[in-house]
Amino acid sequence: MVVRKKPAKKVPVRKAPARKVPVKKAPAKKAPAKKAPVKKAPAKKAPAKKAPAKKAPAKNTPAKKAPTARVDSAANVRALGLASQSAVWDIVEARVPLVRTISMRRPDDHFVAQLSYRNLRLVTGDTPRLVRVGSDDALLILDLPPQSFAEEAFLDATGEVDPAPPLAQDAAGPVLNEQRDNEPTSNAQRVPPLPSARMRMAGPTRLVFRLPAELDALDYTIAGVLDACRRSELKRALTARPDIAERPQRRPLLDAFDRDALQALVSGHEFADTRDLLRTTLAASAGDEVARAVSASATQIARAAAEAVAARNAAGAAALVQQQFMRAADTLASQHAALRDASVRALAVAAIAAEASAHLADHLGRVESAVADLLERYPFLEWLITPYRPRRDETAIELPYRLITSPVGPARFVHHARERVHNGRTELWHTRATSAPGDGNRGADRPVDLRAIWSEDYPIAVETLNAILDRISQPLDSREAFFRTPLDPLDRAMLVRTTAGFNEKRANLTDRYLP
């Protein structure tokens, strides 16, 4: 509710755009302009502009400049023939066999979860066990019930305010806020009689655990599974990366995605998981020969790009990479009939991007790349660091509603494997995130860093978000599907951009933004 206090202040400012309704359609075509996202929404909802309750789109105007940069970045990626990560992983998961899900219930402490696993097999007998299969990582996947919900919020009148509040600063770059915050107003929203507040439940939360190498088998019981989970590290999305801003040597272009940032990306477990999954899925879909040809093409692209930089032709490196990408995809499709299928070709191009990224880190010279923004030179890198919907084998915590978060850095979940009884009463089962090493069940929990890595509101165009916000501000009737919550769709999209938008640029559309 507090979040929605700010819009109430700008009633006088909103009236001016309302009188310009006849001339709004011309500016609406100028989406890249700084004010276009704000002006387009009033043109669609002229009657709703007089409502003091919703000035949130205008309040967040500075943050809406970043989607313009994101559109440009997405265009660069599409020019290489790369589908979005979310689309690629949909293709992968349609082809990767899933182990059937097992329902786990323990009535005494109300433990409820759905269990699935990979690279493990069930061995039955007097003592059923899950036994590791092969050399790949063994995974336990726990789907827990919803962990949060969104309640309807109502605007209240503002109270006393600072007569000279400080200037606001957008997380994606310094932007001066021309309007004062929290201007006094008495236009509070009327709260209907009880029961009045609506709510929405979040989706399930998924925790994915990578079993330690020394754990070859575990008991096929609830206690055995929970014990293995608390001893294992989390498997996370590629965008759930630790903060790289604290690296020891800070250079002038700290916010640039340089060679150190690339090596940090490709050396992690998450990148190795991504590359291996693309490689094995492509081999299963098109054959080992195609997978080897893709790897060879990626090596050639990385070597050619690095040689262009070493020859002081950095400006032409991006064009060279795009040309090589297009040529490699077309050549492979002409040589292998399986790649003429659109979905298999999308897998091949994504595999080229992942393989080329790994090889590029090895081929780049330190001097040539130390002060360079590699994302500008090699657009395929951007595909790896753009927010995407987490895969089925990646941790995804929906908390709060419709916002997917993930721990970053050292983190594990600790809990009791068996029921805990105190004075004849059973403790409700729960698990806690902590960065404390060891058991974790002794002493205070240590803080865990989080990133908001995805929201279904993230890929929505700003103009559509503005239209949704207008409907929230001025519902058509009492049955309106949209209603005000502490976090609105624009808030959720901005949280993803500011905490996991490694592909974003600052408000000046020139400097790289580092979440």
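Residues numbered from 1 in each chain as written. Predicted model: local features only at pLDDT ≥ 70, side-chain atom pairs only at ≥ 80, totals over all residues. Heavy atoms only, no water.

For Asp-445, the location among the structural elements is in the loop between β16 (432–434) and β17 (449–454). Placed 31 residues apart in sequence, Asp-445 and Val-414 show a C-alpha to C-alpha distance of 9.5 Å. (Helix = DSSP H or I, 4+ residues; strand = E, 2+ residues; numbered from the N terminus.)

This part covers the sheet that holds strand β3 (residues 120–123). In spatial order, the strands read β3-β4-β9; together these three strands make up an open sheet with antiparallel pairing. Only two strands of the sheet have a single neighbouring strand rather than two, namely β3 and β9 (217–219). Mean inter-strand twist for the sheet, computed between neighbouring axes without regard to direction, equals 25 degrees. Relative to strand β4 (residues 129–132), β3 runs antiparallel, the two being bridged by four bridges. Paired with Val-123 across the bridge in β4 is Arg-129. (Pairing = 2+ DSSP bridges. Axes fitted to C-alpha atoms, helices over the stretch in contact; angles between N-to-C directions.)

In this section: helix α16 (residues 462–473). For α16, with 12 residues, the first-to-last C-alpha span of 16 Å sits near the 16 Å given by 1.5 Å per residue. Buried within α16 we find Val-462, Glu-463, Leu-465, Asn-466, Ile-468, Leu-469, Asp-470, Ile-472 and Ser-473. (Expected span 1.5 Å × (residues − 1). Buried < 20%, exposed > 50% of the residue type's maximum accessible area, 1.4 Å probe, protein only.)

Turning to the confidence of the model for the protein chain, a few remarks are in order. Summing up the model confidence of the protein chain, the mean pLDDT is 76 and the portion of residues at 70 or higher is 68%. A low-confidence stretch, residues 1–71 (pLDDT under 50), is modelled with 125 contacts involving residues beyond four sequence positions or located in other chains. In this model, residues 168–182 is a region of pLDDT below 50 whose contacts with residues beyond four sequence positions or in other chains number 36 contacts. (pLDDT = per-residue confidence, 0-100. Contact = heavy atoms within 4.5 Å.)

With that out of the way, let us pick up the side chain of His-336. Topologically, His-336 is positioned in the loop between α11 (317–335) and α12 (342–363). Apart from the residues within four sequence positions on either side, His-336 is in contact with Glu-289, Val-290 and Ala-293.

Looking now at the environment of Ala-319. Summarising the element assignment, Ala-319 is placed in helix α11. Note on Ala-319: relative accessible area 53%, which makes it exposed. A C-alpha to C-alpha distance of 8.8 Å links Ala-319 and Tyr-378, two positions 59 residues apart in sequence.

Among the nonpolar cores identified, the biggest contains 67 residues, and Phe-257, Leu-278, Leu-282, Phe-380 and Leu-381 are the most heavily contacted of them. The biggest single contributor to this core is α12, with 14 residues. In contact with Leu-381, other than residues within four places in its own chain, are Phe-257, Leu-262, Ser-357, Leu-360, Leu-374 and Leu-375. Ala-138, Leu-140, Ile-222 and Cys-229 belong to the second-largest nonpolar core, a separate cluster that totals 27 residues. (Core = buried A, V, L, I, M, F, W, Y, C linked by side-chain atoms within 4.5 Å.)

This next bit is on the packing of aromatic side chains. Applying the stated criterion across every chain yields a total of three aromatic pairs. Between Phe-111 and Trp-429 the ring centres are 4.8 Å apart and the planes differ by 75 degrees, which places this aromatic pair in the edge-to-face class. With Phe-111 in strand β2 (residues 111–118) and Trp-429 in the loop between β15 (425–426) and β16, the pair connects residues that are 318 residues apart, well separated along the chain. One exposure class covers both Phe-111 and Trp-429, and it is buried. Lying over the aromatic face of Phe-502, Arg-241 brings its terminal NZ or CZ to 4.3 Å of the ring centre. Looking at Arg-391, its charged tip hangs above the ring of Trp-89, at a distance of 4.4 Å from the centre. (Phe/Tyr/Trp six-rings, centres within 6.5 Å; stacked < 30°, edge-to-face > 60°. Lys NZ or Arg CZ within 6 Å of the ring centre and 35° of its normal.)

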